[in-house]
Amino acid sequence: GAGVSQSPRYKVAKRGQDVALRCDPISGHVSLFWYQQALGQGPEFLTYFQNEAQLDKSGLPSDRFFAERPEGSVSTLKIQRTQQEDSAVYLCASRHYPGEGGQNIQYFGAGTRLSVL
Amino acid sequence: EDQVTQSPEALRLQEGESSSLNCSYTVSGLRGLFWYRQDPGKGPEFLFTLYSAGEEKEKERLKATLTKKESFLHITAPKPEDSATYLCAVQGYMYSGGGADGLTFGKGTHLIIQP
């Protein structure tokens, strides 16, 4: 596709439910990132994949958060036993290759807005 | 830990009134500084990347500059369609709060251009 695609665009969950958020990166992009954006704040880094390898998960806020990218393309961010503080926009970004210059640009999807009631 | 502070938090200008947005940063070793534009309900849209002090880049009415401690986004003769939140982010070489490849963002400047 032409850009990064995320689904669903909106998700309402009851506290304690599990949710799964999907990201389709730009075709051919090696790197994939997940960010969390609270209302009125800038995005905060969650985790990073290079192909299917999760190289950095230092930003995941708790062990309830889990991300995977089994075939090095589509990625899923899973949140177990959702809490109200998980309410935010979850952004996915992809990058052509972990190099310098124009290859180092991260392109973002529109995000999934998660509301936990 | 990498840190980014943007000012002002909000800015209201008349159409055609030029101004500048500030991004102050601290980073262990700068790999790149990024400017993004974000419209309501959408993801950040890439504008510029700057890599070394003294570097400048331009695109239409926008010009980004970089020093060792801060970056400026200059907006010349803005139009209402320039209204958006402008985000600044840094990428460091060494492990920090954002990781070696993750970006550390500021809170953004909410810009409103009135016709």
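How each quantity is defined
Residues numbered from 1 in each chain as written. Chains lettered and ligands numbered in written order. Predicted model: local features only at pLDDT ≥ 70, side-chain atom pairs only at ≥ 80, totals over all residues. Heavy atoms only, no water. Helix = DSSP H or I, 4+ residues; strand = E, 2+ residues; numbered from the N terminus. Rg over C-alpha atoms; globule rule 2.2 N^0.38 Å. Buried < 20%, exposed > 50% of the residue type's maximum accessible area, 1.4 Å probe, protein only. Contact = heavy atoms within 4.5 Å. Areas by Shrake-Rupley, 256 points an atom, 1.4 Å probe, with all protein chains shown as cover. Lys, Arg positive; Asp, Glu negative; His and termini not counted. Charge placed at Lys NZ, Arg CZ, Asp CG, Glu CD. Pairing = 2+ DSSP bridges. Axes fitted to C-alpha atoms, helices over the stretch in contact; angles between N-to-C directions. Buried area = accessible area lost by both parts, 1.4 Å probe. Salt bridge = Lys/Arg side-chain N within 4 Å of Asp/Glu carboxyl O. Polar contact = N/O pair within 3.5 Å; in protein donor to acceptor, adjacent residues only side chain to side chain. Core = buried A, V, L, I, M, F, W, Y, C linked by side-chain atoms within 4.5 Å.

Regarding the overall build of chain B
Thought 1: Looking only at helices and strands, one finds zero helices and 11 strands in chain B.
Thought 2: Helices and strands in chain B line up, N terminus first, as β-β-β-β-β-β-β-β-β-β-β.
Thought 3: Radius of gyration (C-alpha) of chain B: 14 Å, near the 13 Å computed for a compact globule of 115 residues.
Thought 4: The dimensions of chain B, computed from C-alpha atoms along their principal axes, are 45 × 30 × 20 Å.
Thought 5: Going through the 115 residues of chain B one by one, you find that 50% of them count as buried.
Thought 6: At a minimum sequence separation of 6, the contacts of chain B that also span at least 24 residues come to 57%.

With respect to the overall build of chain A
Thought 1: Looking only at helices and strands, chain A features zero helices and 11 strands.
Thought 2: Taken against the 2.2 N^0.38 rule, which gives 13 Å for 117 residues, the C-alpha radius of gyration of chain A at 14 Å falls within 12% of a compact globule.
Thought 3: In the form shown here, chain A has an accessible surface area of approximately 5600 Å², with 46% of it arising from carbon and sulfur atoms.
Thought 4: Charge centroids of chain A, computed over 12 positive and 11 negative side chains, lie 8 Å from each other.

Quick word on the environment of Tyr107(A)
Residue and element names in this part refer to chain A.
Thought 1: By the element assignment, tyrosine 107 lies in strand S10 (residues 107–108).
Thought 2: A residue is classified by how much of its surface remains accessible, and tyrosine 107, at 34% relative accessible area, is partly exposed.
Thought 3: The spacing of tyrosine 107 and lysine 57 is 50 residues in sequence and 19 Å in space, taken between C-alpha atoms.
Thought 4: Not counting residues within four places of it along the chain, the set of residues in contact with tyrosine 107 comprises Val4, Ile26, His29, Cys92, Ala93 and Ser94.

Considering the sheet that holds strand S7 (residues 65–68) of chain A
Residue and element names in this part refer to chain A.
Thought 1: Read from one edge to the other, the open sheet built from four strands follows the order S1-S3-S8-S7, with strand pairing classed as antiparallel. In the strand order of this sheet, the two ends are held by strand S1 (5–7) and S7, each with one partner. Neighbour-to-neighbour, the strand axes of this sheet turn through a mean angle of 15°, independent of strand direction.
Thought 2: Sheet topology note: the strand S3 (residues 19–24)/strand S8 (residues 75–79) ladder contains five bridges and is antiparallel. By the bridge assignment for S8, valine 19 is matched with isoleucine 79.

Concerning the interface of chain B and chain A
Thought 1: Taken together, the contact between chain B and chain A spans 25 residues of the former and 24 residues of the latter.
Thought 2: Both faces considered, chain B and chain A share a buried interface measuring about 1700 Å² in area, 48% of it formed by carbon and sulfur atoms.
Thought 3: Joining chain B to chain A, the criterion identifies one salt bridge.
Thought 4: Arg95(A) is the partner of Asp101(B) in a salt bridge, and the nearest nitrogen-oxygen pair spans 2.6 Å.

Quick notes on the side chain of Asn104(A)
Thought 1: Within the secondary structure, Asn104(A) sits in the loop between strand S9 (88–95) and S10.
Thought 2: Here the side chain of Asn104(A) touches Arg95(A) through a polar contact of 2.9 Å, side chain to side chain.
Thought 3: A distance of 2.7 Å separates the side chain of Asn104(A) from the side chain of Gln91(B), its partner in a polar contact.

Considering the pattern of salt bridges
Residue and element names in this part refer to chain A.
Thought 1: Counted by the stated rule, this structure contains nine salt bridges over all chains.
Thought 2: For the salt bridge of aspartate 86 with arginine 64, the shortest nitrogen-to-oxygen distance reads 2.8 Å. Note that aspartate 86 is positioned in the loop between S8 and S9 and arginine 64 in the loop between strand S6 (53–56) and S7, a separation of 22 residues in sequence.

Quick look at the nonpolar core
Thought 1: Leu33(B), Trp35(B), Leu73(B) and Tyr86(B) are the most contacted members of the largest nonpolar core, which totals 22 residues.
Thought 2: Secondary structure elements with two or more residues in this core: strand S2 (10–14), strand S3 (19–26), strand S4 (30–38), strand S5 (45–50), strand S7 (62–66), strand S8 (70–75), strand S9 (84–92) and strand S11 (109–114) of chain B.
Thought 3: It is S9(B) that provides the largest number of residues to this core, a total of four residues.
Thought 4: Phe49(A), Ala88(A), Cys92(A) and Leu114(A) belong to the second-largest nonpolar core, a separate cluster that totals 20 residues.

Fair warning: the whole summary comes from geometry, so function is off the table for now.
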